[in-house]
Amino acid sequence: MAELSDERLEQLKSTFASIDTDGDGYISETELKRHFPGLPAEALGAMSEAADSDQDGRYSLEEFIRTVS
């Protein structure tokens with residue numbers, strides 16, 4: 001995360017917060033589906049494999065930033 005500009009990091013944090021509707025610090029599959037209603041199941045599965053590095057079924061801010069940056 002250190003190589004991101006402060007502006008980009010703030011943008012990513014803001015996007016993360018807008019998806020994390022319950023404010024627990026993680027993005028769940030339910031929150032992803034709610035935020036991106038047209039996202040196909042295959043995309044969710046691929047994201048789970050690629051982004052959920054600890055395989056806990058949810059995405060932390062660090063996992064989110066690593067995936068989208």
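Scroll up to find the structure.
Presented here is a report on the structure given in the accompanying data block. (Residues numbered from 1 in each chain as written. Predicted model: local features only at pLDDT ≥ 70, side-chain atom pairs only at ≥ 80, totals over all residues. Heavy atoms only, no water.)

## Focus: the pattern of salt bridges
For clarity, the cut-off: A carboxyl oxygen of Asp or Glu within 4 Å of a side-chain nitrogen of Lys or Arg is what we treat as a salt bridge. A run of H or I in DSSP becomes a helix once it reaches four residues, and a run of E becomes a strand once it reaches two; helices and strands are each numbered from the N terminus. For each residue, the accessible area found with a 1.4 Å probe, counting protein chains only, is set against the maximum for its type, and the residue is called buried under 20%, exposed over 50%, and partly exposed in between.
As enumerated under the stated definition, the model contains four salt bridges in all. Of the charged contacts in the structure, one is a salt bridge between glutamate 10 and lysine 13, with a shortest N-O distance of 3.9 Å. Placement of both glutamate 10 and lysine 13 in helix H1 (residues 6–19) is noted, with a separation of three residues, approximately one turn of the helix. The partly exposed category is assigned to lysine 13, whose relative accessible area is 35%. Here glutamate 29 ties to lysine 33 by a salt bridge, and the two come within 3.3 Å at their closest N and O atoms. Of this pair, glutamate 29 and lysine 33 both sit in helix H2 (residues 29–35), separated by four residues, roughly a single helical turn. Under the relative-accessibility criterion, lysine 33 is labelled partly exposed at 45%.

Treat this as a map of the structure, not an account of what it does.
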